[in-house]
Structure formats: C-alpha cells, structure tokens
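# Architecture and fold: a report
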Amino acid sequence: MNTHIPIEILQQFDVPGPRYTSYPTADRFVEAHGEAQFIQSLQERKASARTRTSPLSLYVHVPFCASLCYYCACNKIITGNYQKAVDYLDDLAREIDLLLPHLGQTQTVSQVHLGGGTPTYFTDEDLHRLMNLLQTSFHWQSAGEYAIEVDPRTVNDDRLHQLWAMGFNRLSLGIQDFDPKVQQAVHRVQTLGSVSGLMQTARQIGFASINLDLIYGLPLQTLDSWHNTIEAVLQLRPERLALYGYAHLPVRFKPQRHIDVHALPQASQKTAMLSMALERLQEAGYVYIGMDHFALPQDSLSIAKRQGRLHRNFQGYSTRPDGDLLGLGVSSIGSMGASYVQNAKSLDEYSDLLHQGKLPVVKGVALNRDDLARRSIIMALMCQGRVEMAGIEESHLLNFTHYFARELTKLQDFVEQGLVKVDSHSVEITPLGWYVVRAIAMVFDKHVQADGQRAHFSQIL
Ligand code: SF4
C-alpha cells in the first residue's frame, strides 16, 4: 500500500480515541473484578487445553528511570535510589511465587516484553536475576520473541552483549527526535552517533529486530527538523518503526508542565509532519502496518500483515496468535481467557499487597457476549482491515446486519469518503482508510459511542 494521504483526511480525524490494545479499553475496568476473579481465570487456564496449545506472553513493567523526559506519559518513578529497584525485584519474585500455584509449573512462554520506565535501569547483574527468575518459572520456547525496551543513554556495546546472553533477541530503542534543540526542550539528549553505533553492534551480535520509537509534535520541532530526523532514521534502517503523535495533557501528566506550550507546533504543522513521514517512509520501502507502526517488507510483522496473521495486544501489533498475557509488575495489564486485569498503579500499593500475600490485581473486567463480538470486529479491522460478517455471525451467534444496524449506518460517512467498503458479506477498510483505522474501529466501540467521553484518550493521529 502506498497511497497519497490527503491532509484534510488526517485533520478531520485528529480527535482523541483509544489505541485498542484491548477491548473494552482499560478505563472500563472495575474494582469488582479483582484478585478472586483473576485466580479463577488462572485456574481455568491451568485446567484447559490452552496450557498445551497456546503459549503465554509475559509483560514485565520496570517503572524506574534515572531522569525525566518532559513529554512522558508513562507510569514511571524517577529515582537515584537504586535500592528501590532491588526491592522491586524481590516484589516481582513474590508476585510470581503467588501466581504459580494457580497457573501450574508447566506453562510455556513464546513472547516476553520488558517495558517501562526503563528496564535497563537495572544493572546487568539484576537483569540477569530477573531473566533467570522468568526462565526458571516458565518454559521459554526456543523460537520465541524476547524483547526489551532500551534507553540508548543507559547501554553501551558491552551491555548489548549482556542482553543477548540473557536471552533477548529484539530491542526497542526510544529515540523520539534527533534534533539537538528538540532533545534539549524535552530533556532527553542522545546523539545520532551513539544510537547508530549501538544499532551496528546489536546487528553484529545477532539481534533479529530493532524497533525505533519516534514522536512528532514535540516542542521546537519544525517540518524541516522533523524531515531531517526521518532521513537520519532511514539511514539507520531499523526493521520496525513506531511513530507517535505527542498529546500535550499537562493537567494529567505532570512532566509535561515543563514544556513551553508556545514552542509546540500547531495542529496543522503536526498533521503536515505526519503526512510527510507517512509518505517518506513508504517511499523508502517501509510497509505501513497500521496505526503508528511501520516495518521493512522482510520483517515478520510485514509478512504477518501480508498473510492476514496480524494480532494486537498491549504492546501493539504482534505476529503471535491471540493468547493469554500475564502482566507482571506495578500497573501491568494482563489478559486471561475472556477477561482483563490490572495491577496496582502505585509502587506502595503494589508492594503492600504482595507483602500481605495477595496478588496485586486491583481491577479488571470480564467480557460479556456483546464485548466479545465487538472485540472480534475491532481487532479484525485493526489487524486485517476486513470483517467477514458470516464469521462473526457463526462465532457469536448473531445476525450481523441486524445486531450492528446502527454501526453500519454510521459507517456510511466513511464509505462516502472512500475510507471503507461495505457490502452484504463484509466491511473492508480501503488503503486510504488504513490511515484512520482507529476512527473506523471506534464505530463498533459501544462505550465510546454511548458516552462520547473521548477526551481522556490520546489523539488519533
Ligand atoms: S519517556 Fe521513558 S525514559 Fe523518559 S521518563 Fe518516561 S518512561 Fe522514563
């Protein structure tokens, strides 16, 4: 797909919306769904065939960072007190100890993602300890995807060798922008030379895939400076790229109060930056996976997209079939059977619950029949760009055109703009529609449609 992207389409859909790493989205989780319900879903997995046929994914949240990036909207703790990280490692061990009796000792894992915060805040010794803990608690598949988010300022060549030796085979580097002025304005300075050197070493070591995260809409960014960053990234040629729009929400995210609002690009400039990046990346051979993600044609994500095997989980797009995801650590979200759960968001509460011998799950949701049908549709749109009505009818025992009559009417606006095609068998997103796929998926989100309260979500673009 390589389509000219009319700026007016991007502008029209520049409104807040969910990222659909889950459906229902995390703002729908309730306290009534807590530890007891989670234990039940763990035990159901243990007793079911899923234990043998569908490996687990693990997400481990490491919340610590050495310094504050002003654009940050993550759950993190800025600290120079390393003892907190040591204590946290003990808490992770407690959490796994509490989980295993319900889950059993025979669970296979095919995907691990360490995110943050800054996972490389841990010393090599402590990261080894964490990996050892995970590898002795679960059976790791030899051909799995084992990824770690890396702050380039915290690693050198030797550390990359250590990460490889620990079992990681994928890296995700936080870049955001290479312009020195922009880096200073967001308090995150890292040179192009250092990132380039790290990527070269990582490739020599054998890392299968390197992802770079970029952000457009940051203070002092201009179309020209952003163009330079994109060109520099194209020279580095990472296997995967994620391109996020900066959402300035200083009331909600305190670090953003350091950002001079007058230095932020206007909405129209932001859209122009996105449009330029979308066109330039595709010209340079990247495949637009969907939402904010790009990959080289030979990357497994692009292959999965071509073959209609893309999936979506809390880390974004994935090549692995939907399965159960165990979220470990403070604020982590997991998905088990037809339910989602989330751990306590504050480190104190997370740790206190574990010290009381309780799993730190504080909220979640069990999906009902309607949620399950809508989740199938939203994920099919986000991943395959197509929903077969007969498939939904068969899996969810409903009449599609009758059950979703209101949604099909709403889709007519998108049809008229050439973003969606609807016939009596399917709903299909056009090449142009892929750029606003989130807005199209939102039509099937009962909660967003019911309350129209979308301001707490990030911008769609
Ligand atoms: S952006 Fe990443 S490294 Fe920076 S403060 Fe936030 S979590 Fe830490």
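Residues numbered from 1 in each chain as written. Predicted model: local features only at pLDDT ≥ 70, side-chain atom pairs only at ≥ 80, totals over all residues. Heavy atoms only, no water.

### Side note on the overall build of the chain
Each helix and strand counted, the chain has 18 helices and 19 strands in total. Here the chain has a C-alpha radius of gyration of 22 Å; the compact-globule value for 461 residues is 23 Å, and the two agree. Per-residue burial over the chain gives 57% buried out of 461 residues. Within the chain, contacts between residues at least 6 apart in sequence are counted, and of these 73% link residues at least 24 apart. As displayed, the chain offers around 19100 Å² of accessible surface, 51% of which is attributable to carbon and sulfur atoms. Across the chain, 41 positive and 47 negative side-chain charges occur, with their mean positions spaced 2 Å apart. (Helix = DSSP H or I, 4+ residues; strand = E, 2+ residues; numbered from the N terminus. Rg over C-alpha atoms; globule rule 2.2 N^0.38 Å. Buried < 20%, exposed > 50% of the residue type's maximum accessible area, 1.4 Å probe, protein only. Contact = heavy atoms within 4.5 Å. Areas by Shrake-Rupley, 256 points an atom, 1.4 Å probe, with all protein chains shown as cover. Lys, Arg positive; Asp, Glu negative; His and termini not counted. Charge placed at Lys NZ, Arg CZ, Asp CG, Glu CD.)

### Overview of the nonpolar core
If you look at the biggest cluster of nonpolar residues, it comprises 125 residues, and the most contacted ones within it are Leu134, Leu163, Leu243 and Leu326. Sorting elements by how many residues they give to this core places helix H4 (residues 83-103) first, with eight residues. Apart from the residues within four sequence positions on either side, leucine 243 is in contact with Leu214, Tyr216, Trp226, Ile230, Leu274, Ala277, Leu281, Asp292 and Phe294. (Core = buried A, V, L, I, M, F, W, Y, C linked by side-chain atoms within 4.5 Å.)

### What to know about the packing of helix H5 (residues 124-137) against helix H6 (residues 157-166)
It is at 10 Å that the axes of H5 and H6 come closest, and there the two elements cross at 15°. Viewed along their axes, H5 and H6 adopt a mutual orientation that is roughly parallel. In terms of crossing hand, the pair formed by H5 and H6 is right-handed. On H6, the residues that touch Asp124, Leu127, His128, Met131 and Gln135 of H5 are Arg159, Gln162, Leu163 and Met166. Grouping the amino acids of the contact of H5 with H6 by side-chain chemistry returns four nonpolar, three polar and two charged. (Axes fitted to C-alpha atoms, helices over the stretch in contact; angles between N-to-C directions. Parallel < 35°, antiparallel > 145°, perpendicular 65-115°, else oblique. Left-handed = near helix turned anticlockwise from the far one by under 90°. Nonpolar A, V, L, I, M, F, W, Y, C, P; charged D, E, K, R; others polar.)

### Topic: the site of the ligand
Neighbouring the ligand are Cys65, Ser67, Cys69, Tyr71, Cys72, Cys74, Gly117, Thr118 and Arg188. A per-class count over the shell around the ligand returns five nonpolar, three polar and one charged. (Near = heavy atom within 4 Å.)

### Points about H4
Here H4 spans 30 Å end to end across 21 residues, near enough to the 30 Å set by a 1.5 Å rise per residue. By the burial criterion, the buried members of H4 are Ala85, Tyr88, Leu89, Asp91, Leu92, Glu95, Ile96, Leu99, Leu100, His102 and Leu103. Within two residues after H4, glycine 104 carries a phi angle of roughly 90°, on the positive side. (Expected span 1.5 Å × (residues − 1).)

### Quick notes on the packing of aromatic side chains
Taken as a whole and assessed by the stated rule, the structure comprises 15 aromatic pairs. Between the aromatic rings of phenylalanine 29 and tyrosine 340, the centroid separation amounts to 5.9 Å while the plane-to-plane angle is 15°, which identifies the pairing as stacked. Of this pair, phenylalanine 29 sits in the loop between helix H1 (7-12) and helix H2 (35-47) while tyrosine 340 sits in strand S15 (residues 339-343), placing them 311 residues apart in sequence. Of the two residues, phenylalanine 29 and tyrosine 340, neither departs from the other in class, the shared state being buried. (Phe/Tyr/Trp six-rings, centres within 6.5 Å; stacked < 30°, edge-to-face > 60°.)

### A few points about the sheet that holds strand S18 (residues 420-422)
Across a sheet, paired strands are connected by hydrogen bonds in the backbone, their directions being either parallel or antiparallel. Taken in spatial order, the three strands of this open sheet run S17-S19-S18, and their pairing is antiparallel. Of all the strands in the sheet, just strand S17 (386-388) and S18 have a single pairing partner and so form its edges. Across the sheet, the axes of successive neighbouring strands diverge by a mean angle of 10°, strand direction being ignored. Contacting S17 and strand S19 (426-429), helix H13 (residues 369-383) crosses the sheet at an angle of about 140° to S17. Its contacts with the sheet place helix H14 (residues 389-396) against S17, S18 and S19, and it is angled at close to 55° to S17. (Pairing = 2+ DSSP bridges.)

### Overview of the environment of proline 55
When you line up the elements, proline 55 lands in the loop between helix H3 (50-53) and strand S1 (56-62). On the basis of relative accessibility, which here comes to 24%, the residue proline 55 falls in the partly exposed class. In the structure, proline 55 is positioned 184 residues away from glutamate 239 in sequence and 25 Å away in space, judged by C-alpha atoms. Sequence-distant contacts of proline 55, defined by excluding residues within four places in its chain, comprise Arg45, Thr108, Val109, Ser110, Gln141 and Asp324.

### A closer look at the domain arrangement of the chain
As far as domains go, the chain holds domain 1 (7-326) and domain 2 (368-451 + 457-461). The gap between the C-alpha centroids of domain 1 and domain 2 is 27 Å. Taken residue by residue, the interface counts 35 residues in domain 1 and 30 residues in domain 2. Of the roughly 3000 Å² buried where domain 1 meets domain 2, counting both sides, 63% is carbon and sulfur surface. When the buried surface of domain 1 facing domain 2 is broken down by residue, Phe13, Tyr20 and Tyr23 rank first, second and third, together holding 27% of it. Across the contact surface, domain 1 and domain 2 share zero salt bridges. Linking domain 1 to domain 2 there are eight residue pairs in polar contact (both at pLDDT 80 or more). Those elements that provide at least two residues to the side of domain 1 that touches domain 2 are H1, helix H10 (267-283), strand S9 (287-290) and strand S11 (311-313). Considering every element that reaches the side of domain 1 that touches domain 2, the biggest residue donor is H1, with four residues. A breakdown of the residues in the side of domain 1 that touches domain 2 according to their chemical character gives 17 nonpolar, eleven polar and seven charged. (Domains from an automatic or database assignment. Buried area = accessible area lost by both parts, 1.4 Å probe. Salt bridge = Lys/Arg side-chain N within 4 Å of Asp/Glu carboxyl O. Polar contact = N/O pair within 3.5 Å; in protein donor to acceptor, adjacent residues only side chain to side chain.)

### Some thoughts on the pattern of salt bridges
Within this structure, the stated rule accounts for 19 salt bridges. Between arginine 153 and aspartate 151 there is a salt bridge whose closest N-O contact spans 2.8 Å. Since its relative accessible area comes to 32%, arginine 153 is described here as partly exposed. The shortest N-O distance in the salt bridge between arginine 374 and glutamate 407 comes to 3.0 Å. Placement of arginine 374 in helix H13 and of glutamate 407 in helix H16 (residues 405-416) is noted, with a sequence separation of 33 residues between them. The burial state of arginine 374 is the same as that of glutamate 407; both residues are buried. Residues joined by salt bridges that share partners form a network here, namely Asp370, Arg374, Glu407 and Lys446.

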